[in-house]
Amino acid sequence: MGFIDKVDNKWKHMNSKRSENSEIDEIRKKIEAENEIIKEQIVLIGQHFWNLYTNGQYEPTDDRELFEKIDDCNSNIRLLTVQADNVRLKGLQDRERIDEETRIKIETKQAEAEDRRQRREEERAAKRAEKDAAREYEEF
């Protein structure tokens, strides 16, 4: 029984890890999308400042919205990173729970097997004692 429980444990581990990796991949794709937005905003900022500079009209307050967009994307990346960490933590907790459940299951089955072995041994000893008593009675 222990072998089947261990295989079941490995199967649950694999499914947990697959689910975790799937969620993390989705989060990574969102992070990549946010990074692409940042790159686009940087290009726009660069073009904007270059045009202003070349025309002698550079005023940093004119482009505040571009900086705010980058700030928003960076905030989103921080939140997504925390979300990915939470998924990793949940996956780890799931696997620890699976391990504990499997350990308890194996220990319970081992204890039950030991109890059955002890009962069989006691029954055999009782039968031997009965046979010995019957022999003594016959010899008497």
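Our subject is the structure that appears above.
Residues numbered from 1 in each chain as written. Predicted model: local features only at pLDDT ≥ 70, side-chain atom pairs only at ≥ 80, totals over all residues. Heavy atoms only, no water.

A. Fine view of the overall build of the protein. Scanning the protein from N- to C-terminus turns up 2 helices and 0 strands. Over its C-alpha trace the protein gives a radius of gyration of 35 Å, far above what one expects of a compact globule, namely 14 Å for 140 residues. Counting only C-alpha atoms and orienting by the principal axes, one finds that the protein spans roughly 130 × 20 × 10 Å. In the protein, once contacts between residues fewer than 6 apart in sequence are set aside, the share between residues at least 24 apart is 81%. Accessible surface, the protein as shown: approximately 11200 Å² in total, 53% of it carbon and sulfur. Treating the 28 positive side-chain charges of the protein as one cloud and the 35 negative ones as another, the clouds have centres 7 Å apart. (Helix = DSSP H or I, 4+ residues; strand = E, 2+ residues; numbered from the N terminus. Rg over C-alpha atoms; globule rule 2.2 N^0.38 Å. Contact = heavy atoms within 4.5 Å. Areas by Shrake-Rupley, 256 points an atom, 1.4 Å probe, with all protein chains shown as cover. Lys, Arg positive; Asp, Glu negative; His and termini not counted. Charge placed at Lys NZ, Arg CZ, Asp CG, Glu CD.)

B. Quick look at a negative patch on the surface. Side chains of Glu65, Glu68, Asp71 and Asp72 sit close together on the surface and give a patch of like negative charge. Position of Asp72 relative to the elements: it lies in helix H2 (residues 64-139). Given the relative accessible area of 45%, Asp72 is considered partly exposed. (Patch = residues over 30% accessible without salt bridge, like charges linked within 9 Å, V, L, I, M, F, W, Y side chains within 5 Å. Salt bridge = Lys/Arg side-chain N within 4 Å of Asp/Glu carboxyl O. Buried < 20%, exposed > 50% of the residue type's maximum accessible area, 1.4 Å probe, protein only.)

C. Summary view of the nonpolar core. Core analysis: the biggest nonpolar cluster contains 13 residues, and Ile27, Ile31, Ile38 and Ile45 have the highest contact counts within it. For this core, the secondary structure elements donating two or more residues are helix H1 (2-54) and H2. The element best represented in this core is H2, accounting for 7 residues. (Core = buried A, V, L, I, M, F, W, Y, C linked by side-chain atoms within 4.5 Å.)

D. The pattern of salt bridges, seen in detail. In the structure shown here, the tally under the stated rule is 15 salt bridges. Notably, a salt bridge pairs Lys90 with Asp94, separated by 3.1 Å at the nearest N-O pair. Residue Lys90 and its partner Asp94 are both found in helix H2; the two are separated by 4 residues, about one turn of the helix. Accessibility expressed as a relative area gives 21% for Asp94, which makes it partly exposed.

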